Structure formats: structure tokens, C-alpha cells
Amino acid sequence: MKKRRERLRALFIAVGMTAALAGCGSAESKEASAGGENPHIGIVFTQAGLGGNSFNDLALEGVKRAAEDYGITFDQVEPKSVADEEIIQDEMASSEEYDLIICVGEEQIDALSNVASVYTDQRFALLDATLDLDNVASYSCKAQEGCFMVGALAALAKQEQIDSRLTDNDTIGFIGGVDNPLINQFAAGYEAGALYVNPDMNVLIDYAGGFNDPTTARTIANTFNEKGADIIFHAAGASGMGLFQSAEEKDFISIGVNLNQNSIAPDYIMASMLKKLDTCAYHAITSIVEDTYTGENQLLGLGDGGVDFTVEGSNINVPDSVLQKLEEIREGIVTGEIEVPNELS
């Protein structure tokens, strides 16, 4: 095993990857793992690496929590390119040292499809993407449920006039990256949440045409604001920075997505809808620990902790009365009393 690990370390250094091998986990967990009792996990991040509260950081938090709760040990690797991801996956799988190899993000699908098809006895988990192979458990989030919550928040915020910038009209906005089924899950949930609170709400919807075009998103946001939208939510990746720029320039309220973006512009971002990849990673490891692993697609929603929203880090005060109403809405979604659509009507 030591020789295999040294071979892995040498390979990662040779191709310029950042790796932390066999150094993660408590002393107790390392001892147990050496005795073959506790699972050993590998996690391969996207090329974006760690830092900045990214999806990679969230996934790592879930692995660390599993290390504390279950005593697992883990190795983590930060590839420097998409091409490196397949090399890492292949080396980890061929080493036969890992009870589970976790791969983060859609960009690893092609590599994982190749590697998992060769190493059919190796168990993999894919986070925030889907791959239909018997030895790949895919973990995705019910984004529409989290978006329902921030849509309801937007409508309640206007209804309660929680900020002097909010008018008494019935208009809010949504900016997507592209017009496709995935992004429209976000739009559908947001619109449904707003309409649940206020059936007269008019939700303006448009798309930036890509996920790295803040200029277009800023133009859309400006137009929406001119049409009366004083709260605008985005699911547009880096394009969403254009929304935040517009909010600062035009003095309206915005809502972030996926990660907690509130600190980017705390006077102009009221909340962020969260995709909880830490929960996804933790669930994947739990399935190994409890021997319930199946290579199936797992969808985690509000009830599973797979999505949520947060107002933490925002300077916009959301009253407890509004937060209490949102908790009641959350309970309705979790129990099934409230049905959340995943398509625009």
C-alpha cells in the first residue's frame, strides 16, 4: 500500500497537481483504517480547485464532517486541468485503495464515464451531475425547492415592505444563464414560490445566453428594474455578477445562487439559494459506511438538506415574522403539502 501511495504522490507531483494524501482524518480514524476497519475515500475536485467558498470547498466540508462522524480517512486532489481529472481517477481506481472515489462537477462526466467503465468494481460518487453507470452514484439537488423558498421570500419581502427600496407593485425578476431545462428548474421554483405568496405576482424572466456574460446580465437587470422589478434572482453563474453591479447602480435588491453570495454586495443581496454539496458528499460516504451504496441517481431536496437558502452575511434585515412564514412553507414542501414544479408552465 505504501508503494502505491508513493506512486500516486509521484504522479500528481509530475503533472503539477495539488494533492493531500493519507494525511486527512483523526489519529483514531487512521489507526482504524490501517486495520482495515474504516473506509478510505478519495475526492477529485474540479480544476477550479479549493478556495473562495466554491463547490469544491463545500464538498470537502462534507468529507471532513464524515471523517469526524465516521472515522473515515481521505485523500484529496486538485487537478490543474480537465485532462488531469481522468488521470487522477484512473490512478485512484487502479490502486484499489479506495472504498469510494468522489468526483465533483459536470466537467468530470466524460472522464468518469471512461474510468468507471473500465474499473467496474470500483465505487464512485458524482456530485452535482448525473451519469448512468452501475458503479456511479450521482448526487444532485432539487434546485426548484430552494428556488421556491427565495421566490416566496421575494414576495413576502415586497408584501411586508421590509426595505425602503421595495415598492408595492407586483413585479420581480429572474435571470438565467441559458434557456434550458436545468436552468428553468430554477425559474419554475422561483416563480411558483412567489405566486404561492402572491398569486398576482408578475415574474419577469430572461436569459443572458451564457454563464460568463455579466454585461448582458447587467443589461437585462437594468431593463427589469425599469419595468418595476425591485427584487431580481439569478441562476446565471458568473454572469450573475452583472446583476449585482446593476443592483448597486440602480439601488434595488438581488438574490444570489448556489453558494452564499451575500457578502459580495451585502447592502444589495438579500439572500442566496444554496445547493448543499457538502450534504451530497456526506450522504455518499454514509452509504459506504452503512453498506447501502447503490449506483443510482440521488436527488436531495429541502427535507434531505440538499438545498436551502440563507440571509447570513446580508445587511438587509429580513424580519423574524417573514422567516417564520418561510419555515411554515418549508414544512409544507417537506411534507408534500406544497408541490413544487420543476418546469415553467
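None of these values were measured; they are calculated from a predicted model. (Residues numbered from 1 in each chain as written. Predicted model: local features only at pLDDT ≥ 70, side-chain atom pairs only at ≥ 80, totals over all residues. Heavy atoms only, no water.)

## What to know about the sheet that holds strand E13 (residues 307-310)
Then, in step 1: The strand order E8-E7-E9-E10-E11-E13 describes an open sheet built from six strands, whose pairing is mixed. The open sheet has two edge strands with one neighbour each: strand E8 (202-207) and E13. Strand-to-strand, the axes of this sheet are offset by a mean angle of 20°, without reference to chain direction.
Then, in step 2: As paired strands, strand E11 (residues 269-275) and E13 are joined by four bridges and run antiparallel to one another. Across the sheet, methionine 273 pairs through a bridge with phenylalanine 309, a residue of E13.
Then, in step 3: Lying over the sheet, helix H6 (residues 143-160) contacts strand E7 (171-176), strand E9 (231-235), strand E10 (253-258), E11 and E13, oriented at roughly 165° with respect to E11. (Pairing = 2+ DSSP bridges. Helix = DSSP H or I, 4+ residues; strand = E, 2+ residues; numbered from the N terminus. Axes fitted to C-alpha atoms, helices over the stretch in contact; angles between N-to-C directions. Contact = heavy atoms within 4.5 Å.)

## Concerning the layout of surface pockets
Then, in step 1: Considered as a void within the structure, the largest pocket measures approximately 1,100 Å³ in volume.
Then, in step 2: If you trace the largest pocket, you find 37 residues lining it, with Phe55, Glu106, Asp128, Asn258 and Lys275 closest to the centre.
Then, in step 3: Considering each element in turn, the lining of the largest pocket owes the most residues, four residues, to helix H7 (residues 181-197).
Then, in step 4: Each residue belonging to the lining of the largest pocket can be placed in one class, and the counts come to 18 nonpolar, 14 polar and five charged. (1 Å grid on protein atoms, 1.4 Å probe; cavity = no way out; pocket = protein on both sides within 12 Å on 5 of 7 lines; lining within 4 Å. Points joined across faces, edges and corners; volume = space filled by probe spheres on them. Nonpolar A, V, L, I, M, F, W, Y, C, P; charged D, E, K, R; others polar.)

## A look at the pattern of salt bridges
Then, in step 1: In total, this model carries nine salt bridges according to the counting rule given.
Then, in step 2: Between aspartate 230 and lysine 158 there is a salt bridge; the shortest N-O distance is 2.7 Å. On the criterion of sequence distance, the pair formed by aspartate 230 in the loop between helix H8 (214-226) and E9 and lysine 158 in helix H6 is long-range, its members being 72 residues apart. Considered together, aspartate 230 and lysine 158 belong to a single accessibility category, that of buried residues.
Then, in step 3: For aspartate 163, the salt bridge identified is with arginine 165, shortest N-O distance 2.8 Å. Residues aspartate 163 and arginine 165 agree in their burial class; the two are buried.
Then, in step 4: Each of Asp163, Arg165 and Asp251 takes part in a single network of salt bridges with overlapping partners. (Salt bridge = Lys/Arg side-chain N within 4 Å of Asp/Glu carboxyl O. Buried < 20%, exposed > 50% of the residue type's maximum accessible area, 1.4 Å probe, protein only.)

## Considerations on H8
Then, in step 1: Over its 13 residues, H8 runs 18 Å from end to end, which matches the ideal 18 Å to within 8%, given 1.5 Å per residue.
Then, in step 2: For H8, every residue scored as buried is listed here: Ala217, Ile220, Ala221, Asn222 and Phe224.
Then, in step 3: Elements that come into contact with the buried residues of H8 comprise E7, E8, E9 and helix H9 (240-250).
Then, in step 4: Following H8 by one or two positions, glycine 228 adopts a phi angle in the positive range, close to 110°. (Expected span 1.5 Å × (residues − 1).)

## Thoughts on helix H5 (residues 109-118)
Then, in step 1: For H5, the complete set of buried residues consists of Ile109, Ala111, Leu112, Val115 and Ala116. Around the axis of H5, the buried residues are gathered within 150° of arc, so they sit on the same side. Away from its buried face, by an angle of more than 90 degrees, H5 presents the exposed residues Asp110 and Val118. (Arc of directions from axis to C-beta.)

## Section: unusual backbone geometry
Then, in step 1: Notably, glutamine 161 is not glycine yet its phi reads approximately 50°, a positive angle.
Then, in step 2: Residue placement: glutamine 161 occurs in the loop between H6 and E7.
Then, in step 3: You will see that aspartate 291, though not glycine, has its phi angle at about 60°, which is positive.
Then, in step 4: Tracing the chain through its elements places aspartate 291 in the loop between helix H10 (277-289) and strand E12 (297-300).

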